[in-house]
Number of protein chains: 2
Amino acid sequence: MGLQNTLKALSDPIRREILSLLKHKTMSAGEIVDHFSVTGASISRHLSILKEADLIRDTREGKYIYYELNTSVLEEIMLWITELKGEDGHDKNL
Amino acid sequence: MGLQNTLKALSDPIRREILSLLKHKTMSAGEIVDHFSVTGASISRHLSILKEADLIRDTREGKYIYYELNTSVLEEIMLWITELKGEDGHDKNL
DNA sequence: ACTATATTTAACAATTAGGTTAAATGTTAA
DNA sequence: TTAACATTTAACCTAATTGTTAAATATAGT
């Protein structure tokens, strides 16, 4: 869990692409697979990594499993970056 | 270059720790090494990855090589995340 | 129960990543 | 130039990542 998992998950281009796809609409695993040139098995593992990182949520609907984006964990990254940048230099919320 | 390199560089905990150290002051390679339990060679490779990603800059000063933080490339991540979150939902800059 | 479809899991191969030690490079000072 | 120190690079090892194909699981329809 945490920052480590999130950043690891984001460090793969296919996984980022998946997240971008899900920005527009939730999609079934199969629909997602169709957007890539790798096998379904490969995408499935990417999905499980994203899910593990809580960047996506899944709900089964009959035969299909739908994936939706969850951006809440991205806050942690934003925070870490903001802290690293140390806005504390030019008086923005002291 | 770009987002991929940056995220890859950030996906390792030692490298993130190095960046955090450099937030406070620029440090020589040796000083950085002292903060970790791995060998200097290992840290040196981490430094080269961070440098490749342009997250740090180095300047030789005599025997020593000093490293300093460069946060400018983090903007790209912030942008990517912001875009993914799609603030376009509750009318903030339409 | 059988078949078809959607998705995941297992087993394996190839590549990448991170660690170690030893050698190489660069710099300073005697 | 030699010695000492700081740092990187090379060679090597192991573990993790990513991809593939084949088998397993889950659901729906007949």
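See the structure above.
Residues numbered from 1 in each chain as written. Chains lettered and ligands numbered in written order. Predicted model: local features only at pLDDT ≥ 70, side-chain atom pairs only at ≥ 80, totals over all residues. Heavy atoms only, no water.

> Help me understand the overall build of chain A in this model?
Helix and strand counts for chain A come out as five helices and three strands. Listed N to C, the secondary structure of chain A is α-α-β-α-α-β-β-α in terms of helices and strands. The C-alpha atoms of chain A give 16 Å as radius of gyration, which overshoots the globular expectation for 94 residues (12 Å, by more than 25%). The dimensions of chain A, computed from C-alpha atoms along their principal axes, are 55 × 25 × 25 Å. The burial tally for chain A puts 37% of its 94 residues in the buried class. Accessible surface computed for chain A: about 5600 Å², of which carbon and sulfur atoms make up 50%. (Helix = DSSP H or I, 4+ residues; strand = E, 2+ residues; numbered from the N terminus. Rg over C-alpha atoms; globule rule 2.2 N^0.38 Å. Buried < 20%, exposed > 50% of the residue type's maximum accessible area, 1.4 Å probe, protein only. Areas by Shrake-Rupley, 256 points an atom, 1.4 Å probe, with all protein chains shown as cover.)

> Looking at this structure, how should I read the relation of the copies chain B and chain A?
Note on the chain copies: they are related by a rotation about an axis and a translation along it. When chain B is fitted onto chain A, the two copies agree to an RMSD of 0.0 Å after a turn of 180 degrees and an axial shift of 0.0 Å. The transformation relating the two chain copies, once decomposed into turn and shift, fits a two-fold axis. Looking at chain B, 100% of its interface residues are interface residues in chain A too, so the copies touch through the same face. (Least-squares fit on C-alpha atoms with pLDDT ≥ 70 in both. Contact = heavy atoms within 4.5 Å.)

> What should I look at first to understand the protein's contact with DNA strand C in this one?
Among the 23 residues in the neighbourhood of DNA strand C, the closest are listed as Gly-30 and Tyr-67 of chain A together with Thr-39, Arg-45 and His-46 of chain B. When atoms of DNA strand C within 4 Å of the protein are split into backbone and base, the sugar-phosphate part holds 76%. The side chain of Ser-44 of chain A places a nitrogen or oxygen atom 2.9 Å from a phosphate oxygen of DNA strand C. One nitrogen or oxygen atom from the side chain of Thr-39 of chain B is found 2.7 Å from a phosphate oxygen belonging to DNA strand C. For the surface near DNA strand C, the element with the most residues is helix 4 (residues 40-52) of chain B, which contributes four residues. (Near = heavy atom within 4 Å. Polar contact = N/O pair within 3.5 Å; in protein donor to acceptor, adjacent residues only side chain to side chain.)

> Would you explain the interface of chain B and chain A in this entry?
How big an interface is tends to be stated in terms of the accessible area lost upon association of its parts. Tallying the contact residues gives 25 residues for chain B and 25 residues for chain A. Summed over both partners, the interface of chain B with chain A buries about 2300 Å², with 70% contributed by carbon and sulfur atoms. The largest per-residue losses of area from chain B upon contact with chain A belong to Arg-16, Met-78 and Leu-84 of chain B, which jointly make up 26% of the total buried on that side. Run the count over chain B and chain A and you get two salt bridges. Here Glu-75 of chain A makes a salt bridge to Lys-85 of chain B, at a shortest N to O gap of 2.8 Å. Elements supplying a minimum of two residues to the side of chain B that touches chain A: helix 1 (3-10), helix 2 (13-24) and helix 5 (74-85) of chain B. Top element by residues in the side of chain B that touches chain A is helix 5 of chain B. It accounts for 10 residues. Tallied by class, residues from the side of chain B that touches chain A come to 12 nonpolar, six polar and seven charged. (Buried area = accessible area lost by both parts, 1.4 Å probe. Salt bridge = Lys/Arg side-chain N within 4 Å of Asp/Glu carboxyl O. Nonpolar A, V, L, I, M, F, W, Y, C, P; charged D, E, K, R; others polar.)

> For this particular structure, what's the right way to read the side chain of His-46 of chain B?
Residue and element names in this part refer to chain B. On the secondary structure map, His-46 appears in helix 4. The exposure class of His-46 is buried, given its relative accessible area of 11%. When sequence neighbours within four positions are dropped, the list of residues in contact with His-46 reads Asp-12, Ile-14, Arg-15 and Ile-18.

> Please clarify how the protein's contact with DNA strand D should be interpreted in this entry.
Contacts to DNA strand D come from 23 residues, most closely from Thr-39, Arg-45 and His-46 of chain A together with Gly-30 and Tyr-67 of chain B. Counting only the atoms of DNA strand D that lie within 4 Å of the protein, the sugar and phosphate share comes to 75%. Within the contact set of DNA strand D, a phosphate oxygen lies 3.1 Å away from a side-chain nitrogen or oxygen of Arg-15 of chain A. Contacts to DNA strand D include Ser-44 of chain B, whose side-chain N or O atom sits 3.0 Å from a phosphate oxygen. Elements with a minimum of two residues in the surface near DNA strand D: helix 2 (13-24) and helix 4 (40-52) of chain A together with helix 3 (29-34), helix 4 and strand 3 (64-69) of chain B.

> So what exactly am I meant to see when it comes to the packing of helix 2 of chain B against helix 4 of chain B here?
For any two helices packed against each other, one specifies the inter-axial angle together with the distance between the axes. All names here are of chain B. Orientation of helix 2 relative to helix 4, taken along the N-to-C sense of each, is 75 degrees, at an axis distance of 10 Å. Classified by the interaxial angle, the pair formed by helix 2 and helix 4 is roughly perpendicular. Within the contact between the two elements, helix 2 uses Ile-14, Arg-15, Ile-18 and Leu-19 and helix 4 uses Ile-43, His-46, Leu-47, Ile-49 and Leu-50. Looking at the contact of helix 2 with helix 4 residue by residue, the classes come out as seven nonpolar, one polar and one charged. (Axes fitted to C-alpha atoms, helices over the stretch in contact; angles between N-to-C directions. Parallel < 35°, antiparallel > 145°, perpendicular 65-115°, else oblique.)

Geometric values such as these leave the question of function open.
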